[in-house]
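A structural walkthrough
The lines below spell out each chain.
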Amino acid sequence: MTSANISLRHFRVFLAVVDAGSLATASKLLHITLSAVSKSLKELEQALGSPLLVRGRKGIQLTRAGEAFNKHAQQTLTSFRFALEEVQTAPQAPELLKVGALPTAAGFMLAPVVAQMRERFPHVQIQVASGVYDYLVGKLRTRELDLIVGRLIGRDMLGVQFEALYEEDLLLVVRSGHPLTRLKRIQLSDLAPYTLLVSPQGTLVRISVDNFLMTHGYSGDFTVQESLSETFSRVYVHDYDGVWFVQRGVVDLDLRLGVVEQLPFTSALLRAPIGLTSPTDRPLSEAAQAFKGLLRQWCERLGTDKPAPRI
């Protein structure tokens, strides 16, 4: 046996024997057998290569080596006890949750759920990253993100899975006070004098818009401005009376602030699933599971919203 094999058990037994004055009393205090006490002392002396105790009729006496070891053993055990106390009383280290958010979900659904997470799980630190779907799903696959919130846009589902949580509407919005908002009854033909702001050809949002217009007999009858820039679209809507086909989540804050108004059009063709994209190659952390549960609860409450009139 070498010094590397000395454990806290040897320290505790040695110090108990010194304090009790005998092996027998120490065994009772430690609730172990006398032979176990004797064995531990023998192992300790063999590891140190020097006798520590002399047993006599009046009990035990420390050798010179025993006295030196006793002083340092007391310090070692005290330091160990302090270390345990500091760990137990130290504040819990924050757990990091990294969430990717598509623009449509970043404010509308993500902000309130993050606020709930911070209130219920203050030890969880949440990082939010935004970007296009392909960028975010790449981060998810390389473990730089834990979850992605938003529409399912990509077709490559290797290593990921999508859980739909609710259906989001595509809205037609105009600036507050736009001439169209003064009409008592509005039809699609009333949009003809104005530029429609839509996503570029090939995007899922644009496909939904084109299908909606064709279903109602309009194809190529409108002036169209393509845009993937929310900033550009907001300015164009505000300054040039544009009519914007946009996901509700993108303009939710604008609607609440009264910056834009929703035109009364809705259709099953103007809906798309919003949900959670998660990895399949690893289990979700406890923080991610808690976040997922709060997200589901928030989405369930959306059913109380009053739908806009159908055309």
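Structure shown above.
Below is a summary of the structure that appears in this document. (Residues numbered from 1 in each chain as written. Predicted model: local features only at pLDDT ≥ 70, side-chain atom pairs only at ≥ 80, totals over all residues. Heavy atoms only, no water.)

**A look at the overall build of the chain**
Inclusion rule: Secondary structure elements follow DSSP: runs of H or I no shorter than four residues count as helices, runs of E no shorter than two count as strands, and numbering proceeds from the N terminus. Using C-alpha atoms as the atom set, the radius of gyration is obtained and then compared with a globule rule of 2.2 Å times the number of residues to the power 0.38. Categorising residues by exposure relies on relative accessible area from a 1.4 Å probe, with only protein chains included: less than 20% of the type maximum marks a residue as buried, more than 50% marks it as exposed, and the intermediate range marks it as partly exposed. Contacts are assigned to residue pairs that have any heavy atoms within 4.5 Å of one another. For every accessible area listed, the method is Shrake-Rupley and the probe measures 1.4 Å; residues are considered covered only by the protein chains on display.
Summing up its helical and strand segments, the chain has 11 helices and 11 strands in all. The C-alpha radius of gyration computed for the chain amounts to 35 Å, which surpasses the reference 19 Å derived for 311 residues by more than 25%, pointing to a less compact arrangement than a globule. Along the longest, intermediate and shortest principal axes, the C-alpha atoms of the chain span 110 × 35 × 30 Å. A buried classification covers 41% of the 311 residues belonging to the chain. Look at the contacts in the chain between residues 6 or more apart in sequence, and 75% of them connect residues 24 or more apart. For the chain, the exposed area adds up to about 17,600 Å²; of that, 53% sits on carbon and sulfur atoms.

**Here we look at the nonpolar core**
The condition is simple: For the purposes of this section, nonpolar cores are sets of buried Ala, Val, Leu, Ile, Met, Phe, Trp, Tyr and Cys residues that join through side-chain atoms within 4.5 Å.
Ranked by size, the top nonpolar core spans 27 residues in total, and within it Leu97, Met109, Val149, Tyr166 and Phe291 carry the most contacts. For this core, the secondary structure elements donating two or more residues are strand E3 (95-101), helix H6 (110-120), strand E4 (124-130), strand E5 (147-151), strand E6 (160-175), strand E11 (271-279) and helix H11 (286-300).

**Focus on a nonpolar patch on the surface**
We apply this condition: Excluding any residue in a salt bridge, patches collect residues exceeding 30% relative accessible area, merging like charges within 9 Å and nonpolar Val, Leu, Ile, Met, Phe, Trp and Tyr side chains within 5 Å. For this document, the term salt bridge refers to a Lys or Arg side-chain nitrogen within 4 Å of an Asp or Glu carboxyl oxygen.
On the surface, Leu253, Leu257 and Val259 cluster together to form a nonpolar patch covering roughly 280 Å² of accessible area. Within the secondary structure, Leu253 sits in helix H10 (residues 248-257). The exposure class of Leu253 is partly exposed, given its relative accessible area of 45%.

**Quick word on helix H8 (residues 204-215)**
The condition that has to hold: Take the residue count of a helix, subtract one, and multiply by 1.5 Å to get its expected span. Throughout, the arc means the angular range of directions from the helix axis out to the C-beta atoms.
In this model, H8 (12 residues) spans 16 Å end to end at C-alpha, consistent with the 16 Å of a helix rising 1.5 Å per residue. Turning to H8, its buried residues are Val205, Arg206, Ser208, Val209, Phe212 and Leu213. Buried residues in H8, looked at end-on, bunch into an arc of 160 degrees, giving them a common side. Residues of H8 that are buried make contact with E5, E6, strand E7 (196-198), strand E8 (224-226) and strand E9 (243-247).

**Brief notes about the packing of helix H2 (residues 23-30) against helix H3 (residues 34-48)**
Packed helices, taken two at a time, are described by the angle their axes make and the gap between the axes. Heads up, the rule is: For helices, the fitted line uses only the C-alpha atoms of the stretch in contact; every axis is such a line through C-alpha atoms, and the angle between N-to-C directions lies from 0 to 180 degrees. Roughly parallel covers angles under 35 degrees, roughly antiparallel covers those over 145, roughly perpendicular covers 65 to 115, and oblique covers all other angles. In this classification, the charged set is Asp, Glu, Lys and Arg, the nonpolar set is Ala, Val, Leu, Ile, Met, Phe, Trp, Tyr, Cys and Pro, and all remaining amino acids, among them Gly, are polar.
Running from N to C, H2 and H3 point in directions that differ by 110 degrees, and their axes come no closer than 8 Å. Taken together, the axes of H2 and H3 lie roughly perpendicular to each other. Two secondary-structure elements touch here, H2 through Leu23, Ala24 and Ser27 and H3 through Leu34, Val37, Ser38 and Leu41. Counted by class, the contact of H2 with H3 contains five nonpolar, two polar and no charged residues.

**Quick notes on the pattern of salt bridges**
A full pass over the atoms with the stated rule returns 13 salt bridges. Measuring nitrogen to oxygen at the nearest pair gives 3.4 Å for the salt bridge that ties Lys292 to Glu163. With Lys292 in helix H11 and Glu163 in strand E6, this pair connects stretches of sequence that are 129 residues apart. On the basis of relative accessible area, Glu163 is assigned to the partly exposed category, the value being 25%. Asp281 is paired through a salt bridge with Arg282; the nearest N and O atoms lie 2.9 Å apart. Here Asp281 falls in the partly exposed class, since its relative accessible area comes to 46%.

**Considering the side chain of Ser199**
Mapped onto the fold, Ser199 is located in the loop between E7 and H8. Once residues within four sequence positions are removed from consideration, Ser199 is found in contact with Val205, Arg206, Glu226, Ser227 and Leu228.

**A few points about the pairing of E11**
In plain terms, the rule: Strands qualify as paired when DSSP identifies two bridges or more between them.
E11 sits mainly inside the fold: seven of its nine residues count as buried. Here E5 runs beside E11; their pairing, made up of four bridges, is antiparallel. Bridge pairing in E11 places Ile148 opposite Thr277.

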